[in-house]
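Structural overview
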Amino acid sequence: MLIIAICVALLSVKVIFKKNGRFSSQHIHDNEALRQQGIHCVLDQDREAREADKAY
């Protein structure tokens, strides 16, 4: 329990000590670098594959 508590505390340092601090988004569609490379969410990839009749 102590290890988990320490990990949570270290992960939340930015949120606690920075004014208007918050966790950054972990979603692919929010990452500009991935969008520029043409990488997008698996749900979007699945939809595109189904529309092109290439879903297996």
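Look up: the structure comes first, before these words.
Attention in this report is confined to the structure presented alongside it. (Residues numbered from 1 in each chain as written. Predicted model: local features only at pLDDT ≥ 70, side-chain atom pairs only at ≥ 80, totals over all residues. Heavy atoms only, no water.)

Here the focus is the overall build of the chain. Per the secondary structure count, the chain includes 4 helices and 0 strands. Its helices and strands taken in sequence order, the chain reads α-α-α-α from the N to the C terminus. In terms of overall dimensions, the chain is more spread out than a globule: its C-alpha atoms have a radius of gyration of 18 Å, far above the 10 Å expected for 56 residues. With the C-alpha coordinates of the chain rotated into their principal frame, the extents come out at 50 × 30 × 15 Å. When the 56 residues of the chain are sorted by exposure, 2% land in the buried category. (Helix = DSSP H or I, 4+ residues; strand = E, 2+ residues; numbered from the N terminus. Rg over C-alpha atoms; globule rule 2.2 N^0.38 Å. Buried < 20%, exposed > 50% of the residue type's maximum accessible area, 1.4 Å probe, protein only.)

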